[in-house]
Amino acid sequence: MKSALITGITGQDGSYLAELLLEKGYKVNGLIRRLSTPNLSRIEHILDKIELIEGDLTDQSSINNALKDSMPDEVYNLAAQSFVATSWNQPVLTGDVTGLGAVRILEGVRHVCPDARVYQASSSEMFGKVNETPQNENTRFYPRSPYGFAKLYAHWACINYRESYGMHASNGILFNHESPRRGIEFVTRKITDSVARIYHGLANELRLGNLDAKRDWGYAGDYVKAMWLMLQQQSPDDYVVATGEAHSVGEFAELAFREVGLDWQKYVVVDPKFLRPAEVNLLQGDASKVKRLLGWKPEVTFKELVTMMVKEDVKRYEDKKVIREVAR
């Protein structure tokens, strides 16, 4: 039986990846921070099938101990301070967790389980102010946020450890990937949650920043399959994972409101406080390499993704309403 260690197992990607690996017969271990009230909601349904190990990406000894406890065949480093807006307010923490955290994982693997294969979660935010569209593995990086340049540090660390120590370490340069499990602070989930609240009469407006910013949005459940495929290859490499389509924030909002029969322009308000200090206007990926070499392709379309997220949030507030009525 293969064994895997997932950092960030309680997050969106970690939960989908854990499900995938369980389906494939893996022993799944997850690194989890010690919190007074840990958020296990995304993995609650599989808690009896996985092993959680306490540790933190800012603490080398806890990472080493987690690797010794699990002795994994595969390590997926998905943990990060992953919200771009927060990275401007907490740039040093973002660098420590998102950037140096990846180095601590690589160092731990190098000393504890050097034969383990490593997946590093790189990000399309590393491209930032793009100089060509679409972006591929050879596109020049120009990050525009502390999150972006922390991810770039981790990305190059992975390449250096691969080339210096012969480690099987691969970078997945994933473009935006969403799902009903997306954190509420991310714009896509903020939109679908607000649509559900407005639909149920719990809110009357949605405040957003740059409606013209375009992103390549895919489904997280599809993207974790690409992560797994990378570590099944004989040689490590770097891959862009994307749909190849770009849609604006305004388009996402329009589709989401249309799903519940509402006109988005009646509810959306542009609020300057949600504008970034340095805006990234367009990210669109060229995933031809991962399609050609790994046989991966996205299965959920942009429209299906928006529909899925809106339906889940509408249902969530509907269920809460029923519970409140029953409690009366």
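For the structure given in this document, a descriptive report is provided here. (Residues numbered from 1 in each chain as written. Predicted model: local features only at pLDDT ≥ 70, side-chain atom pairs only at ≥ 80, totals over all residues. Heavy atoms only, no water.)

### Remarks on unusual backbone geometry
Argument step 1. T133 connects to P134 through a cis peptide bond whose omega is 0°.
Argument step 2. Mapped onto the elements of the fold, P134 is located in the loop between β5 (117-123) and α5 (146-165).
Argument step 3. The backbone of M71 shows a phi angle near 40°, a positive value even though the residue is not glycine.
Argument step 4. Mapped onto the fold, M71 is located in the loop between α2 (60-70) and β4 (74-77). (Helix = DSSP H or I, 4+ residues; strand = E, 2+ residues; numbered from the N terminus.)

### Concerning the packing of helix α1 (residues 12-23) against helix α7 (residues 220-230)
Pairs of packed helices are described in terms of their axes, by the angle between the two and the distance that separates them.
Argument step 1. Running from amino to carboxyl end, α1 crosses α7 at an angle of 65°, the nearest separation of the two axes being 9 Å. Our pair here, α1 against α7, has a crossing hand that is right-handed. Here α1 contributes Q12, D13, Y16, L17, L20 and L21 to the contact with α7, which in turn contributes A220, G221, V224, K225, M227 and W228. (Axes fitted to C-alpha atoms, helices over the stretch in contact; angles between N-to-C directions. Left-handed = near helix turned anticlockwise from the far one by under 90°. Contact = heavy atoms within 4.5 Å.)

### Considerations on the nonpolar core
Argument step 1. The biggest cluster of nonpolar side chains holds 70 residues, and the ones touching the most others in it are I6, L17, L21, Y76, Y119 and I191.
Argument step 2. Of all the elements, α7 adds the most residues to this core, at eight residues.
Argument step 3. For L21, the contacting residues outside a window of four places in its chain are A4, I6, Y26, V28, Y76 and W228.
Argument step 4. With 23 residues, the next largest nonpolar core counts I53, L67, A79 and C113 among its residues. (Core = buried A, V, L, I, M, F, W, Y, C linked by side-chain atoms within 4.5 Å. Buried < 20%, exposed > 50% of the residue type's maximum accessible area, 1.4 Å probe, protein only.)

### Concerning the pattern of salt bridges
Argument step 1. Evaluated as defined, the whole model comprises 17 salt bridges.
Argument step 2. Of the charged contacts in the structure, one is a salt bridge between D96 and R104, with a shortest N-O distance of 2.7 Å.
Argument step 3. Given a relative accessible area of 23%, D96 falls into the partly exposed group.
Argument step 4. On the basis of relative accessibility, which here comes to 15%, the residue R104 falls in the buried class.
Argument step 5. Residue K225 is joined to E299 by a salt bridge in which the shortest nitrogen-to-oxygen separation is 3.5 Å. With K225 in helix α7 and E299 in the loop between α9 (288-294) and α10 (302-327), the pair connects residues that are 74 residues apart, well separated along the chain.
Argument step 6. Its relative accessible area of 53% is what places E299 among the exposed residues. (Salt bridge = Lys/Arg side-chain N within 4 Å of Asp/Glu carboxyl O.)

### Topic: the environment of E254
Argument step 1. Residue placement: E254 occurs in helix α8 (residues 249-259).
Argument step 2. Owing to a relative accessible area of 32%, E254 belongs among the partly exposed residues under this scheme.
Argument step 3. Residues E254 and Q135 lie 119 residues apart in sequence; the distance between their C-alpha atoms is 26 Å.

### Details of α5
Argument step 1. Over its 20 residues, α5 runs 28 Å from end to end, which matches the ideal 28 Å to within 8%, given 1.5 Å per residue.
Argument step 2. Phi turns positive, to about 70°, at G166, one or two residues after α5. (Expected span 1.5 Å × (residues − 1).)

### Focus on the packing of aromatic side chains
Two aromatic rings, taken as a pair, are described by how far apart their centres are and by the angle between their planes.
Argument step 1. Under the counting rule described, the total for this entry stands at 10 aromatic pairs.
Argument step 2. Considering the side-chain rings of Y76 and Y119, the 6.1 Å spacing of their centres and the 40° angle between planes classify their relative orientation as tilted. Taken together, the positions of Y76 in strand β4 and Y119 in strand β5 put the pair 43 residues apart, joining distant regions of the chain.
Argument step 3. Residue class for Y119 comes out buried when judged on its relative accessible area of 0%.
Argument step 4. Of the aromatic side chains, those joined through ring pairs into one cluster are F127, F141 and F175.
Argument step 5. Over the face of the ring belonging to W228 we find K24, whose NZ or CZ atom lies 4.0 Å from the ring centre. (Phe/Tyr/Trp six-rings, centres within 6.5 Å; stacked < 30°, edge-to-face > 60°. Lys NZ or Arg CZ within 6 Å of the ring centre and 35° of its normal.)

### A look at the packing of helix α6 (residues 187-199) against α8
Argument step 1. Two elements in contact, α6 and α8, have axes separated by 10 Å at closest approach and are oriented at 30°. Considered as vectors, α6 and α8 are oriented roughly parallel to each other. With respect to the hand of their crossing, α6 and α8 are arranged in right-handed fashion. Of the residues in α8, those in contact with V187, T188, I191, T192, V195 and I198 of α6 are V249, F252, A253, A256 and F257.
Argument step 2. Residue composition of the contact of α6 with α8, grouped by class: nine nonpolar, two polar and no charged. (Parallel < 35°, antiparallel > 145°, perpendicular 65-115°, else oblique. Nonpolar A, V, L, I, M, F, W, Y, C, P; charged D, E, K, R; others polar.)

### A look at the pairing of strand β11 (residues 238-241)
Argument step 1. Across the two faces of β11 the burial is the same, with D238 and V240 and Y239 and V241 all buried.
Argument step 2. In this structure, strand β6 (residues 169-174) lies alongside β11, joined through four bridges in parallel fashion. Residue pairing for β11: I173 is matched across the bridge by V240. (Pairing = 2+ DSSP bridges.)

### Things to note about the sheet that holds strand β2 (residues 27-32)
Argument step 1. Strand order in the open sheet made by the seven strands is β3-β2-β1-β4-β5-β6-β11, with parallel pairing throughout. On the outer flanks of this sheet lie β3 (51-54) and β11, each paired with one strand and no other. This sheet shows a mean twist of 20° between the axes of neighbouring strands, independent of strand direction.
Argument step 2. With five bridges joining them, strand β1 (residues 3-7) and β2 adopt parallel strand pairing. Considered in β2, the bridge of T7 is made with L31.

None of the figures reported here should be taken as evidence of function without further support.
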